[in-house]
Amino acid sequence: MNVRVFKNESGKGFSEVTESLGLENTMGWWFSLKAEDIDNDGDMDLIAGNLGDNYKYKATADATFDVFLNDFDGNRTNDIVLSYYNEGEQYPVRGRECSSQQMPSIKKKFKDYDAFSKATLVDVYEEEKLENSIHYTVSSFKSAIFLNENGKFKRQDLPIKAQIAPANQILVSDFDQDGTKDIVFAGNLYASEVETPRADAGHGTFLKGMQNGNFEVLGPQRTGLFIDGDVKDLAFITVKGQRYILVAKNNDFLGFVGLN
């Protein structure tokens, strides 16, 4: 979905103001969202954690990642179809094996793997059924900051070193106490099907805020921050005067990272 904003109409309900704030073209696989005055100009900006670029699925403005939902094989059950672009042609993400498990008719239509490998998305699922599907398009999997500039949000993608894993949770604080806010986020995605390797390269990311409004990614050898595993949530906690980052991982113990 897009990053969306709803305005509270004095307790009489909500109205969507996403488009008027410049957020209408922000479709992504968002895992986290933080509202913070990150540039210290007196208004609230947004920090949004996406899937990242270090994944099997890729998306750009010219080569989008698409999701279709329809009953493609007529068995009264909706099927999900994922697609990607290669040299201008749109192809199904799933191979013949996984696709035919969901829709057995594909094995009859494409007798062998060679025939399926050459088939475009339209060849496999038919143009009319694709056009009548619920259809979502992603043009970027990058995590980003949306800077509030006079009531309109302007997207600024985070540095490439911050795109190595999904950003499942975000913390904002002046960690190094230099007067500029910094960002810490962490996350991986261990759940995946057989054809897609899990996202497990994340070990926590520290983005040092710079005076010019940009951010520099500092590695664990400089910060001491190392949060690996299937991280799902982060929070601040203070115990007996000592401040920690509390780390919640899927199927694991709670972890504590001390802040100096």
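Provided above is the structure to which this section pertains.
The shown structure was predicted, so the numbers you read here are calculated from the model rather than taken from an experiment. (Residues numbered from 1 in each chain as written. Predicted model: local features only at pLDDT ≥ 70, side-chain atom pairs only at ≥ 80, totals over all residues. Heavy atoms only, no water.)

Time to look at the overall build of the chain. Scanning the chain from N- to C-terminus turns up six helices and 17 strands. Each principal axis of the C-alpha distribution contributes one length, and for the chain these read about 65 × 45 × 35 Å. When each of the 260 residues of the chain is scored for burial, the buried share is 42%. Long-range pairs, those at least 24 residues apart, make up 48% of the contacts in the chain with a sequence separation of at least 6. When the accessible area of the chain is evaluated, it comes to approximately 14600 Å², of which 49% is carbon and sulfur surface. Each charge class in the chain can be summarised by its mean position, and for the 28 positive and 40 negative side chains these summaries are 4 Å apart. (Helix = DSSP H or I, 4+ residues; strand = E, 2+ residues; numbered from the N terminus. Buried < 20%, exposed > 50% of the residue type's maximum accessible area, 1.4 Å probe, protein only. Contact = heavy atoms within 4.5 Å. Areas by Shrake-Rupley, 256 points an atom, 1.4 Å probe, with all protein chains shown as cover. Lys, Arg positive; Asp, Glu negative; His and termini not counted. Charge placed at Lys NZ, Arg CZ, Asp CG, Glu CD.)

All told, the structure shown has 12 salt bridges when counted by the stated rule. Salt-bridge contacts for Arg4 lead to Glu16; the nearest nitrogen and oxygen are separated by 2.9 Å. Taken as a pair, Arg4 in the segment before β1 (6-8) and Glu16 in strand β2 (residues 14-16) lie far apart in primary sequence, 12 residues in all. You can call Glu16 partly exposed: its relative accessible area is 40%. Between Glu193 and Arg94 there is a salt bridge, with the nearest N and O atoms lying 3.4 Å from each other. Residue Glu193 is found in the loop between β12 (182-186) and β13 (205-209), and its partner Arg94 is found in the loop between β7 (89-92) and α1 (96-102); the two are separated by 99 residues along the sequence. Its relative accessible area of 28% is what places Glu193 among the partly exposed residues. Through salt bridges with shared partners, one network takes in Asp176, Asp178 and Lys208. (Salt bridge = Lys/Arg side-chain N within 4 Å of Asp/Glu carboxyl O.)

Looking now at the pairing of β13. Buried residues dominate β13, accounting for five of its five residues. Every second residue of β13 is oriented toward a common face, with Thr205, Leu207 and Gly209 on one face and Phe206 and Lys208 on the other, all of them buried. Bridge analysis of β12 against β13 gives three bridges, and the strand direction is antiparallel. Bridging from a neighbouring strand, Phe185 pairs with Thr205 of β13. Judged from the four bridges that link them, β13 and strand β14 (residues 215-218) form a sheet pairing that is antiparallel. Bridging from a neighbouring strand, Lys208 pairs with Glu216 of β14. Taking the residues that link successive antiparallel strands as the turn, the β13-β14 hairpin has five residues, and the phi of Gly213 there is positive, at about 90°. (Pairing = 2+ DSSP bridges.)

On the basis of which strands lie adjacent, the open sheet formed by four strands has the order β3-β4-β9-β10 and antiparallel pairing. Lying at the two open borders of the sheet, with one neighbouring strand each, are β3 (32-36) and β10 (152-157). Across the sheet, the mean angle from the axis of one strand to that of its neighbour is 20°, orientation sign disregarded. Examined bridge by bridge, strand β4 (residues 45-49) and strand β9 (residues 144-149) share three bridges and lie antiparallel to one another. Following the sheet pairing, Leu46 is matched in β9 by Phe146. (Axes fitted to C-alpha atoms, helices over the stretch in contact; angles between N-to-C directions.)

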